[in-house]
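Coordinate inspection notes
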Amino acid sequence: MKIATAALLLLVATAASADDERPFVPGGIYDKPFILQVGEGAKFGGYADAQYRYERADGFVSEQSFILERINLFAFAALSERVRLAAELEFEDGGEEVKIELAIVDFEIHQRLTFRAGILLSPLGRFNLTHDSPAQYLVDRPLVSTRLIPTTFSEPGMGFLGAFYPTTNSRVTYEAYLVNGLDDGILSDRTFIPGGKSNFEDNNNHPSFVGRLEVSPFPSGEIAVSAHTGPYNEWEEEGVKIDERRDVTIVTIDGEYRFRSLAFLGEYARDFVDIPEGFVGLFAEKQQGIYLEGRVDFLRGLFKEMPNSFFAGAVRYDYVDFDTDREGDDHTRLTLGLGFRPVPATVFKLDYHYNWLNDRFNIAGREAGVVFGVATYF
Amino acid sequence: MRNLVRYAAPLAMVWLTLVGCDTLFTEQPPAGEDFESPLDGLDPETARMFAKGDENFEHVFSVDEGVGPIFNNMSCGGCHPGDGRGTPNEALVRFSMGTDLVPELGGPQLQDRAIPGSQPETLPPGADRSLRLPPPVFGVGFIEAIPVTTILANADETDTDLDSISGRPNWVTAPDFVPPTEVGGGPGLQLGRFGRKANVSSLIQQVSEAYHQDMGVTSDFLPTENENPQAGGVAVGDDVADPEIPALTVLETVVYVRFLSPPAQGERTDQVKRGEQLFEAAACASCHVPSMKTGPHAIAALNQVDVPLYSDLLLHDMGPGLADNRPDGSADGYEWKTAPLWGTRIIEDFLNGQVFFLHDGRATSIREAIQMHGGEAQPSRDNFMNLSPQEQDDLIAFIESL
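Residues numbered from 1 in each chain as written. Chains lettered and ligands numbered in written order. Predicted model: local features only at pLDDT ≥ 70, side-chain atom pairs only at ≥ 80, totals over all residues. Heavy atoms only, no water.

1. Observations regarding the interface of chain A and chain B
On the chain B side, the residues contacting the 38 residues of chain A number 35 residues. Each partner contributes to the roughly 2900 Å² buried at the junction of chain A and chain B, and carbon and sulfur atoms together form 67% of this total. Taken together, chain A and chain B are joined by zero salt bridges. Elements with a contribution of two residues or more to the side of chain A that touches chain B: β1 (43–57), β16 (330–341), β17 (346–358) and β18 (364–377) of chain A. Examining the composition of the side of chain A that touches chain B, we find that five residues originate from one element, β18 of chain A, more than from any other. Here the side of chain A that touches chain B is built from residues that sort into 21 nonpolar, six polar and 11 charged. (Contact = heavy atoms within 4.5 Å. Buried area = accessible area lost by both parts, 1.4 Å probe. Salt bridge = Lys/Arg side-chain N within 4 Å of Asp/Glu carboxyl O. Helix = DSSP H or I, 4+ residues; strand = E, 2+ residues; numbered from the N terminus. Nonpolar A, V, L, I, M, F, W, Y, C, P; charged D, E, K, R; others polar.)

Shown next as structure tokens:
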């Protein structure tokens, strides 16, 4: 109750800053080029991501392949000052998998309180909210964002979001939703959270919570915590208890800081999974992962024909510990990337990555590869 | 645009150089330095089966794929990491009441894990129990290819040569599903070769039972689910139709372990050579027979070759200290199969820097393992203890070179 009162006070008391130029999530759903470029009415856009991969594991070629990683289509409509609609369709694996990645209705009651419903992008870590390939400096997504956080992670749900301006320069945003949550696919042959996503119906008739609180002390930086928690298994059938209830909780901390043509960003995630008794010791109960990335833009307008072009370099450190109770069972990766953007919405990326892997018995393996990717908004 | 072309060319060259470079693109581990490489010269058909078997061996069975209802682990690789031995965490318990395998109480193996909705087994009071560390699985094709007569030639059941050492075979019966054409298959008594007490005569039996008993995965060979009789007859199985895997999967896995090569021996330094002589002199080699020869075999790599396994594959009374007091086939509670010593050199590379020896992994160094030898091996052990510290180190250095 105290918290509710405090929240209400905050809602009334803080000064609203109407002329803030910051998008709600920089690089997020309302910060895509097509929305910003086109005029009235419903707007359409999307992005495509094509790759060539050459990868080797312990001296053997493990993959050499051309891939159309995904094509996404966006639609956006502002039905009124206060009602907005956004949808995104994702085509993966050459169209074999088509997914509604996003389908939301937003009703803005106040700048500090927007109601959102539909299939929403779970605000679990910054990367999940800003994962579009053309926005990224490296071809591959961070390990923590694919192996622990199941990017692209979207779920049916409802809840609220809003922004507060404690001072003229600073901003606090929040998102809080009830969602269907994960299912017991997170435990198949190992603890793997992404295996439990895509639940268009709740498997246990019991919602999960996902929320995020972001503080932006000045326009060039943000820091945030997010969490996703709830039961993942079916433990009741028609009122009869058939199993123990088991929960999964994922917590993340992320941040970004931009300075001139440099940017530093990173994300840490930790998860906690209740494991059925018979599988304790075989499945991980706790996992954690982190990535840290540095980016630099350079040689802007080098080519006369392309005044907006620039080159972009990036380096990323990735680490995921798939079982914090065991020595081993981890994956470390170093990625170096060089990109060229003829226009800001289109990027050619060439990455090299080297991987140090350890299995559950701490037996080492090595993987390395080059990936060339083309990604563009349209 | 000319600029772009000018930059593209050097970039492409950098990239081509990268692809050609082994250091940047990972190297193959050196040959002979692991337990999971195939024997040389497999024909394409066998190599294909081997590759499938390799995947099977690592495959982790989920509940949806039929693991359980009761089980010990979810994959072969989960107990035999890197195809080597396991740690005491992966060890399993066999139990019985005397020679009675007590199937009505869940014998002869304790499945101490169960899928949700099922109950794991517990050890019945008064049962004879035997804790078994998973042994390495490489080289079993060689063990299978050694003729019965060659193995029996080392047996000395009544100790006629009065050296206190009286190796004897474990005669076991093969289950009906093992074809008589298989080594260890057919009616009558068969020579046991596999398991810590040489309690299994054929690889098909070893592997089918591993699927069935260790993982709760039914196959065409053992199609009926292993239920927990202690659960009081309410057998809640998994939801997967039996058999959960076809015979072919089992056979691929058999081919895989059959054709796994033992690692190469290490450098023969002067110390190693001195140690080897001491190994002979201390009569270790009476049981840890340095080499046996395979018989004629269709696969060249297994055809009439010397197998440096350092075991006679026979049972020995190892004294009360090591006894599990649980009979197994014709082996009694004091007897164990001589553990092969090949591959000792790189055990720790595949066990997170640790080593575990003896049937239950109770010894964490070679020295400890030797000190724990008793029974028939007592005089040999005493020989070792009477060596000078330097000589003991030499002997251990020899074992560590295998």
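2. Remarks on the pairing of strand β5 (residues 113–121) of chain A
The side chains of a regular strand alternate between the sheet's two faces. All names here are of chain A. The pairing of strand β4 (residues 97–110) with β5 spans seven bridges and is antiparallel. In the sheet register, Val105 faces β5, and the bridge partner there is Ala117. Linking β4 to β5, which pair antiparallel, is a turn of two residues. As defined by bridge partners, β5 adjoins strand β6 (residues 154–164) across eight bridges and the pair is classed as antiparallel. The partner of Leu120 across the bridge, within β6, is Glu155. (Pairing = 2+ DSSP bridges.)

3. A closer look at the domain arrangement of chain B
All names here are of chain B. Splitting chain B by domain gives domain 1 (4–258) and domain 2 (270–399). Centre-to-centre separation of domain 1 and domain 2, based on C-alpha positions: 22 Å. With 56 residues of domain 1 in contact, the opposing surface of domain 2 contributes 48 residues. Regarding the contact of domain 1 and domain 2, the summed buried area is about 4400 Å², with carbon and sulfur atoms giving 62% of it. When residues of domain 1 are sorted by the area they lose upon contact with domain 2, Arg85, Arg168 and Lys197 head the list and together hold 16% of the total. At the boundary of domain 1 and domain 2, one finds four salt bridges. Between Asp324 and Lys197 there is a salt bridge whose closest N-O contact spans 3.0 Å. For the pair domain 1 and domain 2, the number of links is 23 residue pairs in polar contact (both at pLDDT 80 or more). When its residues are assigned to classes, the side of domain 1 that touches domain 2 shows 24 nonpolar, 19 polar and 13 charged. (Domains from an automatic or database assignment. Polar contact = N/O pair within 3.5 Å; in protein donor to acceptor, adjacent residues only side chain to side chain.)

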